[in-house]
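Architecture at a glance
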Amino acid sequence: MTTTTTTDPGATDPTGETMERTTAQAPRTARATVPQAPDAERLRRWRMVLGADSADSTGCTLTGQDAAMDGALNALYGGDAGKKPGGGRGAGGRSAGLGASAPSVARWLGDIRTYFPSSVVQVMQRDAIDRLGLAALLLEPEMLEAVEADVHLVGTLLSLNKAMPETTKETARAVVRKVVEDLEKRLESRTRATLTGALDRSARISRPRHRDIDWNRTIRANLKNYLPVPGPALAGGAGVSGGSGVPGGAGGPEGRGTIVPERLIGYGRASRSAKKDVVLCIDQSGSMAASVVYASVFGAVLASMRTLSTRLVVFDTAVVDLTDQLDDPVDVLFGTRLGGGTDINRALAYCQSRITRPADTVLVLISDLYEGGIRDEMLKRVAAMKASGVQFVTLLALSDEGAPAYDHEHAAALGALGAPAFACTPDLFPDVMAAAIEKRPLPIPDKEPQQ
């Protein structure tokens with residue numbers, strides 16, 4: 001116990017002086033504590049993270065927008081969500097889950113777009129398709145109009161392409177086109193700039209005409225051949241050197257000399273013909289959906305460059321050449337058929353038969369390398385193309401989804417042939433192509449896959 005002395009203005013002693021009153025107070029630690037603002041906010045956050053089951057342990061009750069957000073999360077991630085129609089765990093026995101009804105899904109899609117940023121919405125949509133089996137609902141135009149479009153949604157739509165009713169196909173094409181146009185805006189300018197520079201550098205010639213000489217590069221290449229120029233001696237005395245501009249003395253005016261151009265470097269002469277051939281060979285098995293989307297967009301960008309001749313080939317157990325559709329990547333995507341087996345050897349045989357200028361060809365194989373065909377034949381074809389001068393690039397994935405699953409044995413075998421296999425993000429792809437065009441070492445972000 002602690003004591004405090006207070007003054008009571010209403011109490012006086014017999015002499016008329018104000019009396020002081022001593023009162024007892026309980027210790028501070030014995031007082032009932034009320035959560036302060038930081039503690040309440042911490043509990044609220046934990047309650048949102050842990051879900052409805054934590055309501056009793058946290059002692060926190062959600063209201064307003066927090067309750068609505070929690071309901072949207074619980075519908076997808078609640079313990080019973082996805083196990084039965086209308087399933088899920090809600091307070092007081094109320095059901096969560098998205099159920100099987102299209103209207104409830106449409107409301108849920110609208111809710112998450114209201115409460116969460118676009119990047120989070122895309123993750124939740126992807127989880128809903130996987131956890132709750134909502135892929136079939138994407139066959140309804142109303143659902144497609146409500147979703148947030150991204151690369152993964154496009155992959156899902158492509159896998160449903162054959163089952164899609166005619167009433168949905170136009171809506172699906174509009175969704176895919178929106179994603180493709182967004183990707184083109186993000187990737188095209190950098191791809192063009194990077195590859196145009198690489199093509200210009202790869203076209204340098206060593207015996208240029210005078211008007212085609214690249215003087216800056218020629219001077220840099222011949223600096224080792226710099227010679228000082230001796231100036232004429234002045235009458236009646238030794239030569240004079242200095243910055244006055246008067247020639248004289250060894251070395252002439254200060255900073256003057258001669259570079260002997262032992263090697264000339266020139267620009268390649270402008271030509272309407274393609275400088276390089278590019279072959280994109282894309283595995284369209286179900287696990288490669290995002291890679292197919294990005295590769296189709298890059299294929300369209302490369303095809304629009306006059307100095308490149310681009311061919312796009314997709315394969316599973318069959319091989320389809322979609323080069324004539326490269327002017328519209330949406331047509332390319334709807335020409336693919338995600339799923340099925342994989343015959344890499346057959347696809348490479350087709351690509352090999354279309355190569356006419358091996359030394360000027362870059363072949364990009366985009367595959368997880370799970371080969372269903374003849375493994376030894378596949379490796380022999382790669383070795384033969386490498387020996388003929390083809391720049392062979394193997395991408396285990398062309399996406400930003402993280403580390404891919406792939407056949408480690410086949411990746412190691414290709415690496416031993418000088419065709420390292422590695423995953424590549426869309427942002428890195430222009431640099432990989434530029435290095436392949438210039439026949440430089442590839443900018444491999446992770447050496448592990450090829451070992």
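Here's what I pulled together on the structure shown here.

So, how was this worked out
- Residues numbered from 1 in each chain as written.
- Predicted model: local features only at pLDDT ≥ 70, side-chain atom pairs only at ≥ 80, totals over all residues.
- Heavy atoms only, no water.
- Helix = DSSP H or I, 4+ residues; strand = E, 2+ residues; numbered from the N terminus.
- Buried < 20%, exposed > 50% of the residue type's maximum accessible area, 1.4 Å probe, protein only.
- Contact = heavy atoms within 4.5 Å.
- Salt bridge = Lys/Arg side-chain N within 4 Å of Asp/Glu carboxyl O.
- Core = buried A, V, L, I, M, F, W, Y, C linked by side-chain atoms within 4.5 Å.
- Pairing = 2+ DSSP bridges.
- Axes fitted to C-alpha atoms, helices over the stretch in contact; angles between N-to-C directions.

**Digging into unusual backbone geometry**
Phi at Leu-369 is positive, roughly 70°, even though this residue is not glycine. The residue Leu-369 is located in the loop between β8 (361-366) and α13 (375-388) in this model. Despite not being glycine, Lys-439 shows a phi value in the positive range, around 60°. With respect to the element layout, Lys-439 can be found in the segment after α15 (429-438). With a relative accessible area of 45%, Lys-439 lands in the partly exposed category.

**A word on the environment of Thr-156**
Among the structural elements, Thr-156 can be located in helix α7 (residues 151-159). Among the residues examined, Thr-156 registers a relative accessible area of 17% and is labelled buried. Non-local contacts of Thr-156, meaning those with residues more than four positions away in its chain, are made with Ile-129 and Leu-138.

**Focus: the side chain of Thr-394**
Summarising the element assignment, Thr-394 is placed in strand β9 (residues 391-398). Those residues in contact with Thr-394 that sit more than four places away from it in its chain are Leu-365, Leu-369, Leu-414, Ala-419, Pro-420, Ala-421 and Phe-422.

**Observations regarding the pattern of salt bridges**
Two side chains bearing opposite charge may form a pair once their charged atoms approach each other closely. Counted by the stated rule, this structure contains 12 salt bridges. The shortest N-O distance in the salt bridge between Arg-186 and Asp-427 comes to 3.3 Å. Note that Arg-186 is positioned in helix α8 (residues 166-202) and Asp-427 in the loop between β10 (421-424) and α15, a separation of 241 residues in sequence. Relative accessible area serves as the criterion here: at 42%, Arg-186 is assigned to the partly exposed category. A salt bridge links Arg-375 to Glu-409; its shortest N-O distance comes to 3.7 Å.

**Overview of the nonpolar core**
Formed by 65 residues in total, the largest nonpolar core has its most connected members in Leu-157, Val-364, Val-393 and Phe-429. Excluding residues that lie within four positions of it along the chain, Val-393 makes contacts with Val-362, Leu-363, Val-364, Leu-365, Phe-422, Val-432, Ala-436 and Leu-442. Membership of the second largest hydrophobic core comes to 25 residues, among which are Cys-281, Ala-347, Leu-363 and Ala-411.

**Some points on the sheet that holds strand β5 (residues 276-283)**
The mixed open sheet is built from 6 strands, whose spatial order is β7-β6-β5-β8-β9-β10. Each having just a single partner strand, β7 (319-321) and β10 make up the two edges of the open sheet. Ignoring strand direction, the axes of neighbouring strands in this sheet form an average angle of 25°. Note: β9 against β10, 4 bridges, orientation parallel. From the neighbouring strand, Leu-398 faces β10, where its bridge partner is Cys-424.

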